[in-house]
Amino acid sequence: MFTLFSVSLAIIRLLASRLISSSSKLPPGSNGWPIIGETLEFGNPGKFIKDRMNKYSPVVFQTSLMVENMVVMCEALGNKFLFSNEDKLVSSWWPNIIKKILYSPSLFDNPSTTEDLMKPPKFLHKFLQPEALKQYVEIMDIMARKYIDMYWASNKKVKVCPLSKKYTFGLSCRLFMNIEDPKCVSKISDGFERIMAGFFSLPVDIPGTTFNHAIKARNNLHKEIEEIIRKRKKELTEMRDKELVIHDLLSHIYAPYVISE
């Protein structure tokens, strides 16, 4: 995880041709090997970034990951610069390898479609309003106590980071899809882990490669989520004439369509 050490991280793409043509000074760093860059060395993100902060600069350095040239900003001021200049001096961007893993190939036929997918959905704003967030506090507290009892209390020694990741993912499944079954959460989590591993692999889609495993995990995860959506729509349809109490994003999305049918 990027939060393994106390440093604020943001990654942006270097527009190489523009920088070179304008004679801009590039940050210190190295792009590693041709094409693959330093991707293979990114297995431990915390160590990777910390080593380069010590070697090049604790503020900013350049590298090459996921077949793209990048700049890594390692302090709060860098993050503030990025997030306060969205669509002004910088713009949101996903490396091609991430898009190839997350999106179906048909989406690449229409570039505007992939651009729309990068933007936060309009319905998300209402779901994350302060008034709506208040109802999640109790759920978060209950789940935190549950996870501590299940995975922490009985152990003499614990690793905080793995438990935090497990709790965060479990909470996401609960708030986004109302899923609490540990087996189902674990199945979805395993798929995400394979997908995440594929982001920092060589984009070679042949059987046995990490990239290929990520593509398969995406396809399986799509099927799993489609089945969850189908079941949820059915549940909402059956409850159409009753007062709906919605506590998850998936139901929040589909409830208006079911009610209007």
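Below or above, wherever it landed, is the structure these notes cover. Keep in mind it's a predicted model, so treat the numbers as computed, not measured.

**A few points about the overall build of the protein chain**
Now for step 1: Helices and strands together make up the secondary structure of the protein chain, namely twelve helices and three strands.
Now for step 2: Burial analysis of the protein chain (261 residues in total) assigns 32% to the buried set.
Now for step 3: Nonlocal contacts in the protein chain, meaning residues at least 24 apart in sequence, comprise 59% of its contacts between residues at least 6 apart.
Now for step 4: In the structure as shown, the protein chain presents an accessible area of about 17,300 Å², 58% of it carried by carbon and sulfur atoms.

**Description of the packing of aromatic side chains**
The geometry of two aromatic rings is summed up by the distance between their centres and the angle between their planes.
Now for step 1: If you walk through the whole model with that rule in mind, you get five aromatic pairs.
Now for step 2: Centroid distance Phe-42 to Phe-200: 4.5 Å. Interplanar angle 35°. Geometry classified as tilted. Residue Phe-42 is located in the loop between helix H1 (16–21) and helix H2 (45–55), and its partner Phe-200 is located in the loop between helix H10 (182–199) and helix H11 (210–238); the two are separated by 158 residues in the primary sequence.
Now for step 3: Accessibility expressed as a relative area gives 3% for Phe-42, which makes it buried.
Now for step 4: Summarising the aromatic geometry, the rings of Tyr-147 and Tyr-151 are spaced 5.4 Å apart at their centres and angled 50° between planes, so their arrangement reads as tilted. Placement of both Tyr-147 and Tyr-151 in helix H8 (residues 136–151) is noted, with a separation of four residues, approximately one turn of the helix.
Now for step 5: Sitting over the face of the ring of Phe-48, Arg-52 holds its NZ or CZ atom 3.7 Å from the ring centroid.
Now for step 6: The ring centre of Tyr-151 lies 5.0 Å from the NZ or CZ of Lys-166, which sits over that ring.

**Digging into H10**
Given 3.6 residues per helical turn, the α-helix brings residues three or four places apart onto the same face.
Now for step 1: Between the first and last C-alpha of H10 there are 26 Å, a value that for 18 residues agrees with the 26 Å anticipated at 1.5 Å per step.
Now for step 2: Taken as a whole, H10 has its buried residues at Cys-184, Val-185, Ile-188, Ser-189, Gly-191, Ile-195, Gly-198 and Phe-199.
Now for step 3: Where H10 is buried, its residues meet helix H4 (96–102), helix H9 (160–177) and H11.

**Overview of the pattern of salt bridges**
Now for step 1: For the structure shown, the criterion picks out nine salt bridges.
Now for step 2: The partner of Asp-51 in a salt bridge is Lys-47, with the nearest N and O atoms 2.8 Å apart. Here Asp-51 and its partner Lys-47 are both found in helix H2, four residues apart, which amounts to about one turn of the helix.
Now for step 3: Residue Asp-51 is classed as partly exposed on the basis of its relative accessible area of 34%.
Now for step 4: Salt bridges here are not isolated pairs; linked through shared partners, they connect Glu-38, Glu-41 and Arg-52.

**What to know about the nonpolar core**
Now for step 1: Ile-49, Met-66, Ile-101, Met-177, Ile-179 and Ile-188 are the most contacted members of the largest nonpolar core, which totals 30 residues.
Now for step 2: Listed by contribution, the elements that provide at least two residues to this core are H2, strand S2 (60–65), strand S3 (68–73), H4, H9, H10 and H11.
Now for step 3: With seven residues, H11 is the single largest residue contributor to this core.

**Some words on the packing of H9 against H10**
Now for step 1: Closest axis-to-axis distance for the H9/H10 pair is 10 Å, and the angle between their directions is 110°. Taken as axis vectors, H9 and H10 run roughly perpendicular relative to one another. Handedness of the H9/H10 crossing: right-handed. Every residue of H10 that contacts H9 at Lys-165, Phe-169, Gly-170, Cys-173 and Met-177 is listed here: Val-185, Ile-188, Ser-189, Phe-192 and Glu-193.

What counts as what
- Residues numbered from 1 in each chain as written.
- Predicted model: local features only at pLDDT ≥ 70, side-chain atom pairs only at ≥ 80, totals over all residues.
- Heavy atoms only, no water.
- Helix = DSSP H or I, 4+ residues; strand = E, 2+ residues; numbered from the N terminus.
- Buried < 20%, exposed > 50% of the residue type's maximum accessible area, 1.4 Å probe, protein only.
- Contact = heavy atoms within 4.5 Å.
- Areas by Shrake-Rupley, 256 points an atom, 1.4 Å probe, with all protein chains shown as cover.
- Phe/Tyr/Trp six-rings, centres within 6.5 Å; stacked < 30°, edge-to-face > 60°.
- Lys NZ or Arg CZ within 6 Å of the ring centre and 35° of its normal.
- Expected span 1.5 Å × (residues − 1).
- Salt bridge = Lys/Arg side-chain N within 4 Å of Asp/Glu carboxyl O.
- Core = buried A, V, L, I, M, F, W, Y, C linked by side-chain atoms within 4.5 Å.
- Axes fitted to C-alpha atoms, helices over the stretch in contact; angles between N-to-C directions.
- Parallel < 35°, antiparallel > 145°, perpendicular 65-115°, else oblique.
- Left-handed = near helix turned anticlockwise from the far one by under 90°.

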